[in-house]
Amino acid sequence: QVQLVESGGGLVQAGGSLRLSCVASGSIFGFNAMGWYRQAPEKQRELVALIISGGRINYADSVKGRFTISRDNANNKVYLQMNSLKPEDTAVYYCNVHSLGVLKYDYWGQGTQVTVSS
């Protein structure tokens, strides 16, 4: 079983920056994707950024050019650098890792709150 623990959320003014971190305990096997989703009040959870074990990266259109995802495979960590934050970025941010190969798994962190004030 893999546990994901996020940190780095908080309150920031519009235009500010935050860096989220996520560390996975246990081993992550095979071809997989690790990244960040978010859920704002009364909205569905949505993809923010994802990095695949081969290096390919996907960003939501709403964060392109402002957010940067990076991954430390040796230490099972993933980061999200968030710049030029907007009030609409306010949400609970969840770390996720899921398999893209034969061995199926899908793990989520408990979430970290990001609040951007105008």
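Residues numbered from 1 in each chain as written. Predicted model: local features only at pLDDT ≥ 70, side-chain atom pairs only at ≥ 80, totals over all residues. Heavy atoms only, no water.

Caption draft 1: Focus on the layout of surface pockets. Looking at the largest pocket, its volume works out to about 160 Å³. Forming the walls of the largest pocket are Arg 38, Gln 39, Ala 40, Pro 41, Lys 43, Gln 44, Glu 46, Glu 88, Thr 90 and Ala 91. Of the residues that constitute the lining of the largest pocket, the class distribution is 3 nonpolar, 3 polar and 4 charged. (1 Å grid on protein atoms, 1.4 Å probe; cavity = no way out; pocket = protein on both sides within 12 Å on 5 of 7 lines; lining within 4 Å. Points joined across faces, edges and corners; volume = space filled by probe spheres on them. Nonpolar A, V, L, I, M, F, W, Y, C, P; charged D, E, K, R; others polar.)

Caption draft 2: Region of interest: unusual backbone geometry. In this model, Asn 76 sits at a positive phi of 55°, which is unusual for a non-glycine residue. Among the secondary structure elements, Asn 76 is positioned in the loop between strand E7 (67–72) and strand E8 (77–82). Residue Ser 84 is not a glycine yet carries a positive backbone phi of 50°. Locating Ser 84 in the fold gives a position in the loop between E8 and strand E9 (91–99). Owing to a relative accessible area of 41%, Ser 84 belongs among the partly exposed residues under this scheme. (Helix = DSSP H or I, 4+ residues; strand = E, 2+ residues; numbered from the N terminus. Buried < 20%, exposed > 50% of the residue type's maximum accessible area, 1.4 Å probe, protein only.)

Geometric values such as these leave the question of function open.
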